[in-house]
Amino acid sequence: MFDIFPGSWMSNRVTIILPQLTIMKYVHVLLFVHVFLGTASSGLHAERNRTPNIILILADDFGYGDLSSYGHPNQEFGRIDELAQEGMKFTHWYSADVYCTPSRGALLTGRLPMRSGVIGGERVFFPNHFSGLSKSEITIAEALKTANYTTGIVGKWHLGINEFTSNDGNFLPHNHGFDYVGTILPFSLVWNSDDTKLHLPYPNPLMSFLYYNRTIVEQPIVTKHLTSKLVHDAKTFLHNHSQQENPFFLYFSLPQTHSSMFASERFNGSSKRGPYGDMVNEMHWAVGEVIDTLKLLEIDTDTLVLFLSDHGPHLEVCTEGGSAGKLRGGKGNFFEGGLRVPAIAWWKDKISPGTVSSRIISTMDIFPTLLDVAGITENFRQIFDGHSILNELIHRNGKSHDTLFFYCDDNIVAMRYKNYKIHFKTHKTVDDSPSFRKLNCPQGIPKENLYLDTAPFHSHSFSCKNMDDHSNKPLVYDIELDPFEQYPLPSLPDNVELFETLYPIIMDHIATLSPTTMLAHPNFRNSFVQPCCNPPYCHCHRHHKAPMCALKNV
């Protein structure tokens, strides 16, 4: 039984029957549906000596309101803001999910997490998961390699690590199309990684480790050197591949601004906003180093740069949380603050400076867009959920999505339809009173890693079950008129016309679904795949440095 809307107004209309699936380690259901991506547009490639380079920069837990250029009143203006001035800023860019693993899986595959199976119970992959992004999925890196791109990754991965042993690395980036794998965080930089002694006496090494390629080099992570290592490896890749005949694709996935809070000595105390602002300032520097390297190598006009966040900000870490601006909600829930993210496109002499796009765009549009940029017309045998926005970037005449679906595991909990946002379920919230904050945020410093907006208690809970059900009377907002989702419109039975319009759209979407294994499920966790550099101690700091010519100012 596969009921997208259990107990809802839809259940009386239709129930989808699909084969029962036993959660097994090796079950991967392939989708054999042809999707024609179309030919490259606008005659762009005829004007170039070679296909453009591509850099995709992804921030972590970074909110719509966290940048000066997106309206934050206290955050210092920085290099990312300069990109917005020199390129295109997006105001209606949506992530595919509200947690790291599913949103990143959607970004790299161009597919809803529901299709690729990066869903289930825990919502994210933990270090002891013996599952990860299936190798049957085609990533952006793998697709671009068909056009002779050299591919590289530096930074956070969070799409699986080991499958059979503690060091086989079967789900790491080198098995998903990346030629160069520099310093990476296979898991994340979580609260348990805090090495400042402000929140924890010492970090938990089982939750804090750094890899170079497929080998652990730090356990736990030394955060004060983290950003400089990532920048060094990103610049290494650029220097070593800038003059090659083939174009390159670099996925630069930053750990900022995920808790725990950290910054190098250079940026500690640099922001009047406090530790969170310090992290943002260091991220500005990291992005600036990449842009300056492109200019130094004289390939800035040959390189498309995209910057965005994986989803909304972690709001509830007292004064150490992010900002969604005036948007409602944040990381972990499906209101606008959890889904709408800052996004910027920069391409010197191709994208007009200072432009703003209000098109409805999805992170899943990146995959077909980069294929369009690369001139790839191959038909991949998978269903994709995005479309190319290259015309929007170059000519400002791209198309918006009429409809976007948002899933919590295998249930549609919200959707965007034209100017409407419809919620079928919403996460429960807990006490957020002044007395609660006084108890849990003494002097603004969190006593623990709070998730107030995602569960009926203030602790880690990624459950899709603890939600308020609005299925029989969905919440409806006019997002253009009411972007802060404060004033719900009439729902059923009053707004029958809208839901009669939505019904066939939803049914057509459901018809494209196929059963899948929920890979981020507790049943896929076991200690035998836990990364550990020197069992049983799991503590090491190994020196490594990638070779590079002409590296300066790191």
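To be clear, the structure that these remarks concern was listed above.
Residues numbered from 1 in each chain as written. Predicted model: local features only at pLDDT ≥ 70, side-chain atom pairs only at ≥ 80, totals over all residues. Heavy atoms only, no water.

Asker: Help me understand the sheet that holds strand β11 (residues 355-357) in this model?
Answerer: Through backbone hydrogen bonds, the strands of a sheet pair up, either in parallel or in antiparallel fashion. What the eleven strands build is an open sheet, ordered β11-β2-β10-β9-β1-β8-β4-β5-β6-β7-β19; its pairing is mixed. Strands with a single pairing partner mark the edges of an open sheet, and in this sheet they are β11 and β19 (540-541). As judged from the three bridges shared by strand β2 (residues 88-90) and β11, these two strands associate in the parallel manner. Bridging across to β11, Lys 89 finds its partner in Val 356. Sitting on the sheet, helix α5 (residues 226-241) touches β1 (53-59), β4 (150-156), β5 (180-185), β6 (210-212), β7 (215-219) and β8 (248-253), and the angle it makes with β8 is about 175 degrees. Its contacts with the sheet place helix α8 (residues 366-374) against β1, β8 and β9 (303-309), and it is angled at close to 175 degrees to β9. (Pairing = 2+ DSSP bridges. Helix = DSSP H or I, 4+ residues; strand = E, 2+ residues; numbered from the N terminus. Contact = heavy atoms within 4.5 Å. Axes fitted to C-alpha atoms, helices over the stretch in contact; angles between N-to-C directions.)

Asker: Whenever I open this one, the layout of surface pockets confuses me. Can you help?
Answerer: To find leftover empty space, one rolls a probe the size of a water molecule over the atoms. By volume, the second largest pocket is sized at about 300 Å³. Every element with two or more residues in the lining of the second largest pocket is listed here: β13 (403-408) and α11 (496-510). Grouping the constituent residues of the lining of the second largest pocket by class yields six nonpolar, six polar and four charged. (1 Å grid on protein atoms, 1.4 Å probe; cavity = no way out; pocket = protein on both sides within 12 Å on 5 of 7 lines; lining within 4 Å. Points joined across faces, edges and corners; volume = space filled by probe spheres on them. Nonpolar A, V, L, I, M, F, W, Y, C, P; charged D, E, K, R; others polar.)

Asker: Teacher, can you tell me more about the nonpolar core here?
Answerer: Nonpolar side chains tend toward joint burial in soluble globular proteins. Core analysis: the largest hydrophobic core is formed by 82 residues, its most contacted members being Phe 90, Trp 93, Ile 140, Phe 249, Ile 366 and Leu 393. When residues in this core are grouped by element, the largest group, six residues, is from α8. Membership of the second largest hydrophobic core comes to 49 residues, among which are Tyr 64, Ala 263, Val 280 and Val 290. (Core = buried A, V, L, I, M, F, W, Y, C linked by side-chain atoms within 4.5 Å. Buried < 20%, exposed > 50% of the residue type's maximum accessible area, 1.4 Å probe, protein only.)

Asker: Quick question: what am I supposed to make of the state of the cysteines here?
Answerer: Here a disulfide denotes one covalent bond, and it connects the sulfur atoms of two cysteines. Applying the stated criterion across every chain yields a total of four disulfides. Between the sulfur atoms of Cys 532 and its disulfide partner Cys 538 the distance amounts to 2.0 Å. Between Cys 532 and Cys 538 the disulfide shows an S-S torsion of about -110 degrees. By sign, it is left-handed. Each disulfide pairs two cysteine sulfurs, and for Cys 533 the partner residue is Cys 540, the sulfurs being separated by 2.3 Å. Judged by the sign of its S-S torsion, about -135 degrees, the cystine formed by Cys 533 and Cys 540 is left-handed. Each member of the pair, Cys 533 as well as Cys 540, carries the same accessibility label: buried. The connectivity of the disulfide bonds within the protein chain can be written as 1-3, 2-4, 5-7, 6-8, using the sequence rank of each bonded cysteine. (Disulfide = S-S within 2.5 Å.)

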